Amino acid sequence: MSKVRVAYKPHEEHTPEEVRQGKAPEMTGYQEITCHLVFDVKMDFTRKARFVANGSTTETPASITYSSVVSRDSVRLAFLIAALNDLDIMSCDIGNAYLNAPCREKIWFKAGIECGEHKGKVMIITRALYGLKSSGAAWRAMFAESLRKMGWQDTRVDADVYRRRGVKPSGENYYELLLVYVDDCMVVSHDPGRTMKAIGEIYELKDD
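My aim in this report is to walk through the structure given alongside it, one point at a time. As the structure is a prediction and not an experimental result, all values here were calculated from the model.

Turning our eyes to something else, we now look at the overall build of the protein. Each helix and strand counted, the protein has four helices and 11 strands in total. When the backbone C-alpha atoms are referred to their principal axes, the protein occupies close to 70 × 40 × 25 Å. A buried classification covers 40% of the 208 residues belonging to the protein. A sequence separation of at least 24 residues applies to 65% of the contacts in the protein between residues at least 6 apart. Of the roughly 12300 Å² of accessible surface on the protein, 51% is carried by carbon and sulfur atoms. The averaged location of the 29 negative side-chain charges in the protein is 2 Å from the averaged location of its 29 positive side-chain charges.

What follows is the structure, encoded as structure tokens:
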């Protein structure tokens, strides 16, 4: 729960009952949802718990929910290009990716015991909490903007394949490639570690 606390903040001015009764003008337009914990045991028997929203209960415009991922054919072509041009490949997994992006919806929930001292209070969701319909699109837009600031440009054929001009130590010009599947990235370059380091300076990368 320590990492997910950045995703919501308490609204101290009104109680949940007052918000439901329309006595909180500043909460007009907000939808109430419930949240729950999902527990999982991984293949190496480590245990994981994730706090998620019941996003299926919200009314969310389709315009803020669509999020694409890199195609299978693009991944195959990237491996082929790497082999033909003697380029290296590195991949990474961004930890708690969605929680980096702002929430696109007006959502609140009544805090349970998992929120500690805030139990029973109105909690406003401020980040793209897992489970919300708009979270995937919010994260994709944020990460795409980060890549553009690093000099990457998305391609026309596949919006989740990015390219950037590169120069090999031999002086040969070529295009580096970066493929994105939600929070997983794959870089094709003569020096992919440079890009991994740049991404790691902005987002938390998983060790495994």
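What follows concerns the pairing of strand S11 (residues 184–189). S11 sits mainly inside the fold: five of its six residues count as buried. Direction of pairing for strand S5 (residues 88–93) relative to S11: antiparallel, over a ladder of six bridges. Bridging from a neighbouring strand, Met90 pairs with Val187 of S11. With five bridges joining them, strand S10 (residues 173–181) and S11 adopt antiparallel strand pairing. Its bridge partner lying in S11, Val180 is registered against Cys185. Counting the residues that bridge the hairpin from S10 to S11 gives two residues, and of these Val182 lies at a positive phi of roughly 60 degrees.

Moving on to the sheet that holds strand S7 (residues 122–125). Note: strands within a sheet are paired through backbone hydrogen bonds, in either parallel or antiparallel orientation. With respect to topology, four strands assemble into an open sheet ordered S1-S7-S6-S2, the strand pairing being mixed. The sheet terminates laterally at strand S1 (8–11) and strand S2 (31–33), the two strands that pair on one side only. Looking at each pair of strands side by side, their axes are set apart by 35 degrees on average, direction ignored. Across four bridges, the pairing between S1 and S7 is antiparallel. Opposite Lys9, over in S7, you have Ile124 as the bridge partner.

All right, on to the sheet that holds S10 then. The strand order S5-S11-S10-S9-S8 describes an open sheet built from five strands, whose pairing is antiparallel. Each edge of the open sheet is held by one strand with a lone partner, namely S5 and strand S8 (153–154). Here helix H4 (residues 192–200) sits on the sheet and contacts S5, strand S9 (161–167), S10 and S11; the angle it forms with S5, its principal contact strand, is near 20 degrees.

The next point concerns the layout of surface pockets. The calculated volume of the largest pocket comes to roughly 500 Å³. As for the largest pocket, its lining consists of 20 residues, of which Lys3, Lys48, Ala49, Arg50 and Asn96 are closest to the centre. Considering each element in turn, the lining of the largest pocket owes the most residues, four residues, to strand S4 (residues 47–53). The residue inventory of the lining of the largest pocket, partitioned by class, reads nine nonpolar, three polar and eight charged. Looking at the second largest pocket, its volume works out to about 240 Å³.

To continue, consider a nonpolar patch on the surface. There is a patch of nonpolar side chains on the surface, built from Leu77, Leu80, Ile81 and Leu84 and spanning about 380 Å² of accessible area. Along the polypeptide, Ile81 turns up in helix H2 (residues 72–84). Classification of Ile81 by relative accessible area gives partly exposed; the value is 34%.

Reading guide: rules and limits
Residues numbered from 1 in each chain as written. Predicted model: local features only at pLDDT ≥ 70, side-chain atom pairs only at ≥ 80, totals over all residues. Heavy atoms only, no water. Helix = DSSP H or I, 4+ residues; strand = E, 2+ residues; numbered from the N terminus. Buried < 20%, exposed > 50% of the residue type's maximum accessible area, 1.4 Å probe, protein only. Contact = heavy atoms within 4.5 Å. Areas by Shrake-Rupley, 256 points an atom, 1.4 Å probe, with all protein chains shown as cover. Lys, Arg positive; Asp, Glu negative; His and termini not counted. Charge placed at Lys NZ, Arg CZ, Asp CG, Glu CD. Pairing = 2+ DSSP bridges. Axes fitted to C-alpha atoms, helices over the stretch in contact; angles between N-to-C directions. 1 Å grid on protein atoms, 1.4 Å probe; cavity = no way out; pocket = protein on both sides within 12 Å on 5 of 7 lines; lining within 4 Å. Points joined across faces, edges and corners; volume = space filled by probe spheres on them. Nonpolar A, V, L, I, M, F, W, Y, C, P; charged D, E, K, R; others polar. Patch = residues over 30% accessible without salt bridge, like charges linked within 9 Å, V, L, I, M, F, W, Y side chains within 5 Å. Salt bridge = Lys/Arg side-chain N within 4 Å of Asp/Glu carboxyl O.

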